[in-house]
Amino acid sequence: MTAPTKTTAAKATDAAAKATEAATKAAAEATATAQQSAEKLTSTAAAVADKAATEFTKTVDEATERFQEFNAKFVDAAKQSGNLGVDTYEKAVSSLLDLQEKVADATPVEWVADLAKAQVSFARELTTTVTSTARDLLK
């Protein structure tokens with residue numbers, strides 16, 4: 001009677017060994033499949049991140065270029081406005097000095113006329129210096 005028990009135990013041992021082998025094989029296959037899936041996901045995520053970084057860099061570069069163009073236009077407009085202001089100032093002072101010179105010519109007192117003409121001459125030189133310096137700064 002002991003012989004049939006060993007056979008049953010041997011069968012059970014063989015079945016357990018086969019089940020363990022099948023489970024090990026299934027676990028190895030599942031691990032390999034999971035590893036492949038993880039590698040694919042990692043590869044896809046890296047590609048998406050690279051694409052996003054490239055697009056972001058492109059967008060930043062385009063925005064920087066547009067800002068530089070705007071800044072250049074703004075500086076040009078400010079220079080034009082400054083030059084216009086200098087021109088207007090120069091014309092206004094010149095008109096005022098022309099009027100003072102006419103008043104000096106019309107004055108019957110010679111020393112007053114000479115003093116007024118000297119003042120006009122000084123003011124013209126000062127205005128010329130100031131406006132030429134301003135124009136140089138606006139270049």
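All of these numbers come straight from a predicted model, not from anything done at the bench.

1. Examining the overall build of the protein
On a plain count of helices and strands, the protein comes out with 2 helices and 0 strands. Its C-alpha radius of gyration of 48 Å places the protein more than 25% over the 14 Å reference for a compact globule of 139 residues. Projecting the C-alpha coordinates of the protein onto the three principal axes gives extents of approximately 160 × 20 × 15 Å. The buried share among the 139 residues of the protein stands at 6%. With an accessible surface of roughly 11,200 Å², the protein has 64% of that area assigned to carbon and sulfur atoms. In the protein, which carries 16 positive and 20 negative side-chain charges, the distance between the mean positions of the two groups comes to 14 Å.

2. A word on the environment of G85
Within the secondary structure, G85 sits in helix α1 (residues 2–106). Between the C-alpha atom of G85 and that of A134, which follows or precedes it by 49 residues, the distance is 10.0 Å.

3. Description of the packing of aromatic side chains
Under the defined criterion, the tally for this structure stands at 1 aromatic pair. For the ring pair F70 and F74, a centre distance of 6.4 Å and an interplane angle of 25° mean the geometry is stacked. Placement of both F70 and F74 in helix α1 is noted, with a separation of 4 residues, approximately one turn of the helix. In terms of burial, F70 and F74 fall into one category: exposed.

4. As for a negative patch on the surface
On the surface, D61, E62, E65 and E69 cluster together into a negatively charged patch. Within the element layout of this structure, E69 appears in helix α1. A residue is classified by how much of its surface remains accessible, and E69, at 42% relative accessible area, is partly exposed.

5. Describing the side chain of T127
Mapped onto the elements of the fold, T127 is located in helix α2 (residues 110–137). When near neighbours in sequence (up to four residues on either side) are disregarded, T127 contacts Y89 and V93.

6. Some details on the pattern of salt bridges
Going through the model one piece at a time under the given rule, you end up with 6 salt bridges. Measuring nitrogen to oxygen at the nearest pair gives 2.5 Å for the salt bridge that ties D98 to R124. Highlighted residues: D98 in helix α1 and R124 in helix α2, separated in sequence by 26 residues. Overall, the relative accessible area of 33% leaves D98 in the partly exposed class.

Cut-offs applied
Residues numbered from 1 in each chain as written. Predicted model: local features only at pLDDT ≥ 70, side-chain atom pairs only at ≥ 80, totals over all residues. Heavy atoms only, no water. Helix = DSSP H or I, 4+ residues; strand = E, 2+ residues; numbered from the N terminus. Rg over C-alpha atoms; globule rule 2.2 N^0.38 Å. Buried < 20%, exposed > 50% of the residue type's maximum accessible area, 1.4 Å probe, protein only. Areas by Shrake-Rupley, 256 points an atom, 1.4 Å probe, with all protein chains shown as cover. Lys, Arg positive; Asp, Glu negative; His and termini not counted. Charge placed at Lys NZ, Arg CZ, Asp CG, Glu CD. Phe/Tyr/Trp six-rings, centres within 6.5 Å; stacked < 30°, edge-to-face > 60°. Patch = residues over 30% accessible without salt bridge, like charges linked within 9 Å, V, L, I, M, F, W, Y side chains within 5 Å. Salt bridge = Lys/Arg side-chain N within 4 Å of Asp/Glu carboxyl O. Contact = heavy atoms within 4.5 Å.

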